[in-house]
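# Structural overview
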Number of protein chains: 2
Amino acid sequence: MPVSAIDQLITALGKLPSVGGRSARRMALHLVKQKQLRIPPLHQALARALEEVKTCSICGALDDTDPCRICSDDRRNHKIICVVEDVADVWAIERAQSFHGVYHVLGGTLSALDGRGPESLRLDSLTERLSAQQVTEVILALSATVAGQTTAHYIAERLASYSMHITRLAHGIPMGGELDYLDDGTLNAALQSRLPF
Amino acid sequence: MPVSAIDQLITALGKLPSVGGRSARRMALHLVKQKQLRIPPLHQALARALEEVKTCSICGALDDTDPCRICSDDRRNHKIICVVEDVADVWAIERAQSFHGVYHVLGGTLSALDGRGPESLRLDSLTERLSAQQVTEVILALSATVAGQTTAHYIAERLASYSMHITRLAHGIPMGGELDYLDDGTLNAALQSRLPF
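Residues numbered from 1 in each chain as written. Chains lettered and ligands numbered in written order. Predicted model: local features only at pLDDT ≥ 70, side-chain atom pairs only at ≥ 80, totals over all residues. Heavy atoms only, no water.

## Digging into the state of the cysteines
Residues and elements named next belong to chain A. One pass over the full model with this rule turns up zero disulfides over all chains. Cysteine 59 supplies the cysteine sulfur nearest to cysteine 82, a cysteine that is in no disulfide, at a spacing of 11 Å. Take cysteine 82: its relative accessible area is 3%, and that puts it in the buried class. (Disulfide = S-S within 2.5 Å. Buried < 20%, exposed > 50% of the residue type's maximum accessible area, 1.4 Å probe, protein only.)

## Digging into the nonpolar core
Counting 110 residues, the largest nonpolar core has Leu9 and Leu13 of chain A together with Leu9 and Leu13 of chain B as the members making the most contacts within it. Dropping the residues within four chain positions of it, leucine 9 of chain A is found in contact with Ala28, Leu31 and Val32 of chain A together with Leu42, Ala45, Leu46 and Ala49 of chain B. (Core = buried A, V, L, I, M, F, W, Y, C linked by side-chain atoms within 4.5 Å. Contact = heavy atoms within 4.5 Å.)

## Describing the relation of the copies chain A and chain B
Superposition record for chain A on chain B: RMSD 0.1 Å, screw rotation 180°, translation along axis 0.0 Å. This pairing of chains is accounted for by a two-fold axis. No C-alpha of chain A approaches the rotation axis more nearly than that of histidine 43 of chain A, which lies at 2.9 Å. Most of the interface of chain A is mirrored in chain B: 100% of its interface residues are interface residues there too. (Least-squares fit on C-alpha atoms with pLDDT ≥ 70 in both.)

## A word on the interface of chain A and chain B
At the junction of the two partners, chain A supplies 50 residues and chain B supplies 50 residues. Together chain A and chain B conceal approximately 4,700 Å² of surface at their shared face, both sides included; 70% is due to carbon and sulfur atoms. By the criterion of area lost to chain B, the three top residues of chain A are Leu46, Leu50 and Trp91 of chain A, representing 14% of everything that side buries. Inspection of the chain A/chain B interface yields two salt bridges. Our enumeration of links across chain A and chain B arrives at 15 residue pairs in polar contact (both at pLDDT 80 or more). Sort the elements by how many residues they give to the side of chain A that touches chain B and helix H3 (residues 35-52) of chain A lands first, with 16 residues. Its residues placed into classes, the side of chain A that touches chain B shows 30 nonpolar, seven polar and 13 charged. (Buried area = accessible area lost by both parts, 1.4 Å probe. Salt bridge = Lys/Arg side-chain N within 4 Å of Asp/Glu carboxyl O. Polar contact = N/O pair within 3.5 Å; in protein donor to acceptor, adjacent residues only side chain to side chain. Helix = DSSP H or I, 4+ residues; strand = E, 2+ residues; numbered from the N terminus. Nonpolar A, V, L, I, M, F, W, Y, C, P; charged D, E, K, R; others polar.)

## Quick word on the domain arrangement of chain A
The domain architecture assigned to chain A consists of domain 1 (5-52) and domain 2 (75-168). The centre of domain 1 of chain A, based on its C-alpha atoms, is set 35 Å off from the matching centre of domain 2 of chain A. (Domains from an automatic or database assignment.)

## Re the side chain of histidine 104 of chain A
All names here are of chain A. Among the secondary structure elements, histidine 104 is positioned in strand E4 (residues 102-105). A relative accessible area of 0% means that histidine 104 is categorised as buried. A polar contact of 3.0 Å, which involves the side chain of histidine 104, links it to the side chain of arginine 129. Not counting residues up to four positions away in its chain, the partners in contact with histidine 104 are Ile58, Cys59, Ile81, Cys82, Val83, Val84, Arg122, Ser125, Leu126 and Arg129.

## Regarding the sheet that holds strand E4 (residues 102-105) of chain B
Residue and element names in this part refer to chain B. Spatially, the four strands line up as an open sheet ordered E4-E3-E5-E6, and their pairing is parallel. Of all strands in the sheet, those with a lone pairing partner are E4 and strand E6 (165-168), marking the two edges. On average, adjacent strands in this sheet sit at an angle of 25° to one another, irrespective of strand direction. Here strand E3 (residues 80-84) pairs with E4 via four bridges, running parallel. (Pairing = 2+ DSSP bridges. Axes fitted to C-alpha atoms, helices over the stretch in contact; angles between N-to-C directions.)

## Structural notes on helix H2 (residues 21-33) of chain B
Here H2 of chain B spans 18 Å end to end across 13 residues, near enough to the 18 Å set by a 1.5 Å rise per residue. Turning to H2 of chain B, its buried residues number three or more, namely Ala24, Met27, Ala28, Leu29, Leu31 and Val32 of chain B. Lining the buried residues of H2 of chain B we find helix H2 (21-33), H3, strand E2 (62-63) and helix H4 (87-96) of chain A together with helix H1 (5-14) and helix H3 (35-52) of chain B. (Expected span 1.5 Å × (residues − 1).)

## Brief notes about the pairing of E6 of chain B
Residues and elements named next belong to chain B. The pairing of strand E5 (residues 137-140) with E6 spans four bridges and is classified as parallel. Each bridged residue has a counterpart across the sheet, and for isoleucine 139 the counterpart in E6 is threonine 167. For the segment spanning E5, helix H6 (residues 146-158) and E6, crossover handedness is right-handed. (Right-handed = clockwise from strand over helix to strand, strands pointing away.)

Shown next as structure tokens:
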């Protein structure tokens, strides 16, 4: 028996991250119930994304253009490069709207367990950028995980011969966070890095 | 500034049920990261659903064919009609694989608050089916909510002049359910409908 159009749609939707069988069925039903209204916008958005989205050859982020909007924006400070693991991190920092430099997406972290060595990260293109343009600061905005911090240390060592500042994000109490609920590691970091009031 | 392809995709995905901004961003990133591999299956499934899915003119369910696979299946018992609120209920009962009759999808419930009267439900086509074919039983498989039960009572009254059996689903303890966690209404119903062991 051939797969029905609805079952095919449910299967395709079920491949999206954190969408299980139940959610996929709800989504498919939502779409086909008013199909003329609801399917075309998603269908067109997918077609456009398939055609237009490309990886920026400078920073490694995803955008419609290459170089991406951030790398080709003259109003941004191209002397400060924020190094992140993933495109999602670029989006997160952009949403915070307080960083006006440019990015460099590594495409992951070092991980001996998963067999990801330095050659799997976009490190050569980072050093090329540092050699080519006058960069004054590299911010290592990597996750506060073992893999993230290992990667940060590796990059810091590799960039030691360059003359720019190498910085990292601050550790501390999240905004709105209560001390009582904070883990010991974060609380220690917040105490160590205490600042004049 | 025109909307980028990725933002357009995030917006379209965010319109799916129970998908918020964060999930939509995750989905969009998942899709565009390996776009040649991940976008075409969903894109094609949407195109096929848009073109092929139709409402069954007999039962009101959604399928590629009209009449739907269930209504056109001779191995099913067309003398037993299971009346449900929504297409999702047809899918739920089909998954349980124990019902071998046919369905009739009402398309909702009566609701004075939302201004949904009997004319908004597919009731005329139900009575037409009852007149045209020799139906021996109508199962009112409606939700155990106020709206569902009101609708069930309304339909039962309207079908009183026909000679078939009108049944409803049993209320009782869900399989795997513990008495201690059960609400009073369900426990009462289970006690009232107790059966010889």
